[in-house]
2 protein chains.
Amino acid sequence: LQKLGKADETKDIQFEQFVLNFSKQLTEGSKLQKDLRTYLASVKAMHEASKKLTECLQDIYEPDWPGREDTYRIAENNDLLWTDYHQKLVDQALLTMDTYLGQFPDIKSRIAKRGRKLVDYDSARHHYESLQNAKKKDDAKIAKPVSLLEKAAPQWCQGKIQAHLVAQTNLLRNQAEEEMVKTQKVFEEMNTDLQEELPSLWNSRVGFYVNTFQSIAGLEENFHREMGKLHQNLNDVLVTLDEQQGKPSANAFTAI
Amino acid sequence: LQKLGKADETKDIQFEQFVLNFSKQLTEGSKLQKDLRTYLASVKAMHEASKKLTECLQDIYEPDWPGREDTYRIAENNDLLWTDYHQKLVDQALLTMDTYLGQFPDIKSRIAKRGRKLVDYDSARHHYESLQNAKKKDDAKIAKPVSLLEKAAPQWCQGKIQAHLVAQTNLLRNQAEEEMVKTQKVFEEMNTDLQEELPSLWNSRVGFYVNTFQSIAGLEENFHREMGKLHQNLNDVLVTLDEQQGKPSANAFTAI
């Protein structure tokens, strides 16, 4: 097989790297999506458990204890904060991730198709090249002594046989060349698109990672800040309850 | 059956209330323990999921991106904060709760035993009372004409039979009285202890609830505050990465 030119070879090595990057990017993205989904499930579970615990506080909080209304408000806000946090993680991180990963299946199938089109092109080129080589041999033969058929034919006829053979060979070669040009065009079109899209997709990973983790970090920061405040409020309520309990005048804490 | 005095009756109604409170307290405590355990399990699950997510960030973070060391530090601190939070919830809330609930089985069995001792005492008292009633009847008989046995006996003997019967009845009555006093003492001892302990245990619930939820609130507040800061740091790292990415001079973001 005849080798591609140096430029083509370089381009192919480059493309292989693009495909390696693409695979790495897809693996990383899928792993991130999986881990984010697990994280979201754990957020939901902890939301449920936290809700149960605040309900427990409301159940034990007796009607005549100070700050009962506050415990309702705190439980409600606790529920809201968790719901909001989960919802925003879905909207700002998971859905963006789904969109990002949604690009990969199409490109993956186009990489596979490009491979098949390259095989077609290679095969057409080799066919054309073998015909080209045959022509060179034929040209060499023409310079050599004529064949037995030509020897047997009358002298006037010998030039015609020669011309017919040459015309037939030229037709086949032209068809093979057309096929080669056609398959090359199909391949080049796909190749050019991917040569542009793959590096661009690869570069987009940084912005995507930044956005994803920045969304998560921002939501976490906000969630934790608000949760911290809420537990400060809860603490205040409990301090009041504790003080009230210590007072001898308090009827709220008698045995019956 | 002879009724207990007004004071005894009041005391019994009061004790029933103590037992109702005790059951309520045990139910509430057990529910709280169960919900806290579920909460702790969810904390552990979310810790794991959060760890996976920060590991994911480290995996995708390429060696030449700015702030790579920071992501290591953030992941490490994230892990430490979760571990510390879980451990302190166990130490400050769950173990205290286990100690608190550890008092209940002993008291529960003593309440049941007090019930059995009350049955013993009641039975001994009724026996003594029936002997007392019999004595009154006998006393009435003595005033009546003498029995046939007495009539048949010689005159000098009649007083002795009478004395013998009286002595025998007195002996049984004395034994019954002793038994009544003994069972009463056993019952009263258990009763006095529980009459003191149950209201005291009941009153302790307020302080226990305050301590438990105050511990949780304090730990949550601290955890969320630190987590908020950590995510602020992560956000800063990502802002730097984002800025670096935008620079045309940056080699870190070339396709290959």
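Just so it is clear, the structure is predicted and the values come from calculations on it, not from any experiment.

Caption draft 1: Representation of the overall build of chain A within the structure. Scanning chain A from N- to C-terminus turns up five helices and zero strands. When the helices and strands of chain A are placed in sequence order, the string is α-α-α-α-α. The 256 residues of chain A split such that 40% are buried. Within the structure as shown, chain A displays about 14400 Å² of accessible surface, and the carbon and sulfur contribution to it stands at 56%.

Caption draft 2: Just the packing of aromatic side chains, in detail. Summed over the entire model, instances satisfying the criterion amount to 22 aromatic pairs over all chains. Each ring, one from B:Tyr100 and one from B:Phe208, has its centre 3.6 Å from the other, and the planes form 10°; the classification is stacked. Residue B:Tyr100 is located in helix H2 (residues 68–102), and its partner B:Phe208 is located in helix H5 (residues 155–246); the two are separated by 108 residues in the primary sequence. By relative accessible area, B:Phe208 is classed as buried at 6%. What links up through ring pairs into an aromatic cluster is the set A:Phe22, A:Tyr100, A:Phe104, A:Phe208, A:Tyr209, B:Tyr61 and B:Trp65.

Caption draft 3: Examining the relation of the copies chain B and chain A more closely. Superposition record for chain B on chain A: RMSD 0.2 Å, screw rotation 180°, translation along axis 0.0 Å. Such values leave the two copies arranged in the relation of a two-fold axis. No C-alpha of chain B approaches the rotation axis more nearly than that of B:His224, which lies at 2.2 Å. Both copies contact each other with a shared surface, as 98% of the interface residues of chain B are interface residues in chain A too.

Caption draft 4: Region of the structure containing the interface of chain B and chain A. Between chain B and chain A, the residue contacts involve 60 residues of the former and 60 residues of the latter. Taking both partners together, chain B and chain A bury about 5200 Å²; carbon and sulfur atoms supply 70% of that area. Of all residues in chain B, the largest losses of buried area upon contact with chain A belong to B:Met46, B:Leu53 and B:Phe213, amounting jointly to 13% of the total for that side. In this structure, the connection of chain B to chain A is made through four salt bridges. For the salt bridge of A:Lys24 with B:Glu62, the shortest nitrogen-to-oxygen distance reads 3.9 Å. Where chain B packs against chain A, one counts three residue pairs in polar contact (both at pLDDT 80 or more). Counting only elements with at least two residues in the side of chain B that touches chain A, the list comes to helix H1 (6–60), H2 and H5 of chain B. In terms of residues, the side of chain B that touches chain A owes the most to one element, H5(B), which gives 28 residues. Its residues placed into classes, the side of chain B that touches chain A shows 32 nonpolar, 16 polar and twelve charged.

Caption draft 5: The pattern of salt bridges, seen in detail. Within this structure, the stated rule accounts for 32 salt bridges over all chains. The salt bridge involving A:Asp120 is made with A:Lys117; its shortest N-O contact spans 4.0 Å. Residue A:Asp120 and its partner A:Lys117 are located together in helix H3 (residues 104–143), separated by three residues, close to a single helical turn. By relative accessible area, A:Lys117 is classed as partly exposed at 25%. Here B:Arg125 and B:Glu129 are joined by a salt bridge, their closest N and O atoms 3.7 Å apart. In this pair, B:Arg125 and B:Glu129 both sit in helix H3 (residues 104–143), four residues apart, roughly one turn of the helix. We note that B:Arg125, like B:Glu129, is buried. Here the salt bridges share partners, and the residues they tie into one network are A:Lys24, A:Glu28, A:Arg205 and B:Glu62.

Caption draft 6: Inspection of the confidence of the model for chain A at higher detail. All names here are of chain A. Mean pLDDT for chain A: 88, with 88% of residues reaching 70 or above. By mean pLDDT, the top-scoring element of chain A is helix H2 (residues 68–102) (96), and the lowest-scoring one is helix H4 (residues 148–152) (69). The ipTM for the predicted assembly is 0.82, set against a pTM of 0.83.

Caption draft 7: The side chain of A:Thr71, seen in detail. Note on placement: A:Thr71 falls in helix H2. A:Thr71 gets classed as buried once you look at its relative accessible area, which sits at 1%.

Caption draft 8: Structural context of the side chain of A:Asn191. All names here are of chain A. If you trace the backbone, Asn191 turns up in helix H5 (residues 155–246). Here the side chain of Asn191 touches Arg114 through a polar contact of 2.6 Å, side chain to side chain. Setting aside chain neighbours within four positions, we find Asn191 in contact with Phe15 and Arg114.

Calculation notes
- Residues numbered from 1 in each chain as written.
- Chains lettered and ligands numbered in written order.
- Predicted model: local features only at pLDDT ≥ 70, side-chain atom pairs only at ≥ 80, totals over all residues.
- Heavy atoms only, no water.
- Helix = DSSP H or I, 4+ residues; strand = E, 2+ residues; numbered from the N terminus.
- Buried < 20%, exposed > 50% of the residue type's maximum accessible area, 1.4 Å probe, protein only.
- Areas by Shrake-Rupley, 256 points an atom, 1.4 Å probe, with all protein chains shown as cover.
- Phe/Tyr/Trp six-rings, centres within 6.5 Å; stacked < 30°, edge-to-face > 60°.
- Least-squares fit on C-alpha atoms with pLDDT ≥ 70 in both.
- Contact = heavy atoms within 4.5 Å.
- Buried area = accessible area lost by both parts, 1.4 Å probe.
- Salt bridge = Lys/Arg side-chain N within 4 Å of Asp/Glu carboxyl O.
- Polar contact = N/O pair within 3.5 Å; in protein donor to acceptor, adjacent residues only side chain to side chain.
- Nonpolar A, V, L, I, M, F, W, Y, C, P; charged D, E, K, R; others polar.
- pLDDT = per-residue confidence, 0-100.

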